[in-house]
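Fold and geometry: a report
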Amino acid sequence: LESRAKLLESEVEKATKDLINREHETLSILGKMAEYKDPETASHVSRVAHYSKLLARECKLDKTEQELLFYAAPFHDLGKVGIEDKILLKPGKLDDDEFNVMKTHANIGYEILKDSQSEYLQAGAIIALSHHEKYDGSGYPNKLKGEEIHIFGRIVAIADVFDALTSHRPYKKAWSFEKAIDFLKEESGKHFDPQIVGYFINNIDEV
């Protein structure tokens with residue numbers, strides 16, 4: 001009986017790992033969806049995931065939350081699938097009306113993900129909605145301020161902006177790491193959570 005119980009326990013453990021691996025694979029595939037609308041995001045979502053996990057570790061989130069954020073961060077811009085191509089793929093700066101349309105991607109992403117039973121996709125909904133909020137309350141869509149912004153959103157905001165700045169886009173050249181770090185410092189306490197900016201800069205070699 002003891003041998004049979006151990007065998008059953010081993011089979012249950014293997015089945016659980018298989019389920020988790022399949023869910024992670026599904027999440028990775030879903031996280032690539034936006035790439036097919038905006039090719040610039042292909043490596044961006046992967047780097048944002050890694051930066052976010054690093055920051056979650058530095059924020060002393062537990063390992064479960066670190067993994068949760070790693071798999072959820074790629075959904076930050078999922079709502080861009082609902083933005084028309086002439087705005088999303090415009091090779092120049094958006095005008096005010098176009099930018100107002102672009103901003104709706106935060107709510108669109110949230111609406112797509114919010115009712116999921118998956119904790120990863122629920123975290124993705126939070127991130128989609130909150131990663132454009134600013135620490136001083138001037139962000140969107142809800143003008144949240146400071147710790148009113150979920151920590152996942154505060155983390156991904158830094159990871160997302162830093163990678164966008166240091167990546168080439170049709171409308172701009174890639175910034176140097178030094179220039180991007182200076183921007184994070186300038187926006188510390190305004191756009192970004194100052195404590196998390198400090199964690200990012202202190203780990204720039206790992207970045």
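Now for a look at the structure at hand. (Residues numbered from 1 in each chain as written. Predicted model: local features only at pLDDT ≥ 70, side-chain atom pairs only at ≥ 80, totals over all residues. Heavy atoms only, no water.)

**Some details on the pattern of salt bridges**
Tallying each qualifying case throughout the model produces eight salt bridges. We note a salt bridge from Glu-67 to Lys-53, for which the minimum N-O separation is 2.5 Å. Within this pair, whereas Glu-67 is found in helix α3 (residues 63-72), its partner Lys-53 is found in helix α2 (residues 42-58), the two being separated by 14 residues in sequence. Glu-111 is paired through a salt bridge with Lys-114; the nearest N and O atoms lie 3.0 Å apart. (Salt bridge = Lys/Arg side-chain N within 4 Å of Asp/Glu carboxyl O. Helix = DSSP H or I, 4+ residues; strand = E, 2+ residues; numbered from the N terminus.)

**Some thoughts on the nonpolar core**
Grouped together as the largest cluster of nonpolar side chains are 40 residues, with contacts concentrated most on Ile-155, Ile-158, Phe-162 and Phe-200. Of all the secondary structure elements, the ones that give two or more residues to this core are α2, α3, α7 (119-130), α8 (151-165), α9 (177-187) and α10 (194-202). Ranked by the residues each element gives to this core, the list is headed by α8, at nine residues. The contacts of Phe-162, once residues within four sequence positions are left out, are Tyr-51, Phe-177, Ala-180, Ile-181, Leu-184, Phe-200, Ile-204 and Val-207. (Core = buried A, V, L, I, M, F, W, Y, C linked by side-chain atoms within 4.5 Å. Buried < 20%, exposed > 50% of the residue type's maximum accessible area, 1.4 Å probe, protein only. Contact = heavy atoms within 4.5 Å.)

**Considerations on the side chain of Glu-98**
Relative to the assigned elements, Glu-98 resides in helix α5 (residues 96-103). Given a relative accessible area of 17%, Glu-98 falls into the buried group. Discounting chain neighbours no more than four positions away, the residues touching Glu-98 are Ile-87, Lys-90 and Lys-93.

**A closer look at the packing of aromatic side chains**
Each aromatic ring pair is summarised here by two numbers: the centre-to-centre distance and the angle between the ring planes. This structure, assessed with the given rule, holds nine aromatic pairs. Note on Tyr-51 and Phe-162: the rings are 6.1 Å apart at their centroids and 75 degrees apart in plane angle, and the pair reads as edge-to-face. Placement of the pair is Tyr-51 in helix α2 and Phe-162 in helix α8, with a sequence separation of 111 residues. Here the two residues Tyr-51 and Phe-162 agree in accessibility, since each one is buried. In this structure an aromatic cluster arises from ring pairing among Tyr-51, Phe-162, Phe-177 and Phe-200. (Phe/Tyr/Trp six-rings, centres within 6.5 Å; stacked < 30°, edge-to-face > 60°.)

Bear in mind that shape data such as this cannot, by itself, settle questions of function.
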